[in-house]
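Fold and contact review
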Amino acid sequence: QVQLVESGGGLVQPGGSLRLSCAVSGISVSVNPVGWYRQAPGKERELVAGAYPGANTNYADSVKGRFTITRDNAKNTVNLQMNNLNMEDTAIYYCKARYWGRDFWGQGTQVTVSS
C-alpha cells in the first residue's frame, strides 16, 4: 500500500519560489530515507535533495542554498521549499522513499520557470 503523491508544481517567474509537498502512505518518512529528484527533457534523473533518519540532508550543488528539504513527521509528508528559481530548475520533480531495499516513486509534478 505504499503510495507517494507530489503536489505544488506549476509555472513561476525567474527569481520566484515554490513549495512542493509529497504525501506518503505505507512508509514512515521519519525512519526511512526520502528525497526529491528531478528530470528535465532529454536529461537523466538527478538527485535534488535527500533526507535521512536524524538530521542528515544532502543537496545537489546546483540547488544548495536555494532549496530546503524538510519532513513533517506528524503528517508523514516530505516538502521541498524552492527559492530563487531559475530556468535551469525547469523539470518534473519526483519524490522517493526507500524501504526494505526498494525504491518507491511518486508520479511527479511539473515545475516550469519562465519569464
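Everything numeric here is computed off the predicted structure, so don't read it as measured data. Here the residue numbering is sequential within each chain, running from 1 through the sequence in written order. Reporting of local features is limited, given that this is a predicted model, to residues whose pLDDT is at least 70; pairs of side-chain atoms are given and counted only at 80 or more, and all residues count toward the totals for whole chains, interfaces and linings. Working from all heavy atoms in the structure, the side-chain values ignore hydrogens and water.

Considering the nonpolar core
For the record, the criterion: Within this scheme, the nonpolar core is defined by two criteria: the residues are buried Ala, Val, Leu, Ile, Met, Phe, Trp, Tyr or Cys, and they are joined through side-chain atoms within 4.5 Å. The buried label applies to any residue whose accessible area, calculated with a 1.4 Å probe on protein chains only, is under 20% of its type's maximum; exposed applies above 50%, and partly exposed to all values in between. Starting at the N terminus, helices and strands are each numbered in turn, a helix being any DSSP run of H or I of at least four residues and a strand any DSSP run of E of at least two.
Formed by 30 residues in total, the largest nonpolar core has its most connected members in Trp36, Leu80, Met82 and Tyr93. Residue assignment for this core shows that the elements contributing at least two residues are β3 (18-25), β4 (34-39), β5 (46-51), β7 (67-72), β8 (77-82), β9 (91-99) and β11 (109-113).

A closer look at the sheet that holds strand β1 (residues 3-7)
This is how the line gets drawn: Strands are labelled as partners when DSSP assigns at least two bridges between them. For every element, the axis is a line fit to its C-alpha atoms; helices are fit only across the contacting stretch, and the angle between N-to-C directions ranges from 0 to 180 degrees.
Here we have four strands laid out as an open sheet, ordered β1-β3-β8-β7, and antiparallel in their pairing. Either end of the sheet is taken by a strand with one partner, and the two such strands are β1 and β7. Strand-to-strand twist in this sheet, taken as the mean axis angle between neighbours without regard to direction, amounts to 15°. The sheet contact formed by β1 and β3 spans five bridges and is antiparallel.

Let's talk about the packing of aromatic side chains
Basically, it comes down to this: Any two rings among Phe, Tyr and Trp, with Trp reduced to its six-membered ring, count as a pair given centres within 6.5 Å; such a pair is stacked if its planes are under 30 degrees apart, edge-to-face if over 60, and tilted if neither. Placement of a positive charge over a ring is assigned whenever Lys NZ or Arg CZ falls within 6 Å of the ring centre and within 35 degrees of the normal to the ring plane.
Within this structure, the stated rule accounts for three aromatic pairs. A ring pair is formed by tyrosine 37 and tryptophan 105, whose centres lie 5.0 Å apart and whose planes are at 65°; its orientation type is edge-to-face. With tyrosine 37 in strand β4 and tryptophan 105 in strand β10 (residues 102-105), this pair connects stretches of sequence that are 68 residues apart. Pairing tyrosine 94 with tryptophan 105 gives two aromatic rings, centres 6.4 Å apart and planes at 85°, and the pair type is edge-to-face. With a gap of eleven residues between them, tyrosine 94 in strand β9 and tryptophan 105 in strand β10 connect regions that are remote in the sequence. Connected via pairs of aromatic rings, a cluster forms that spans Tyr37, Tyr94 and Trp105. In this arrangement the basic side chain of arginine 45 is found over the ring face of tryptophan 105, its NZ or CZ atom lying 4.7 Å from the centre.

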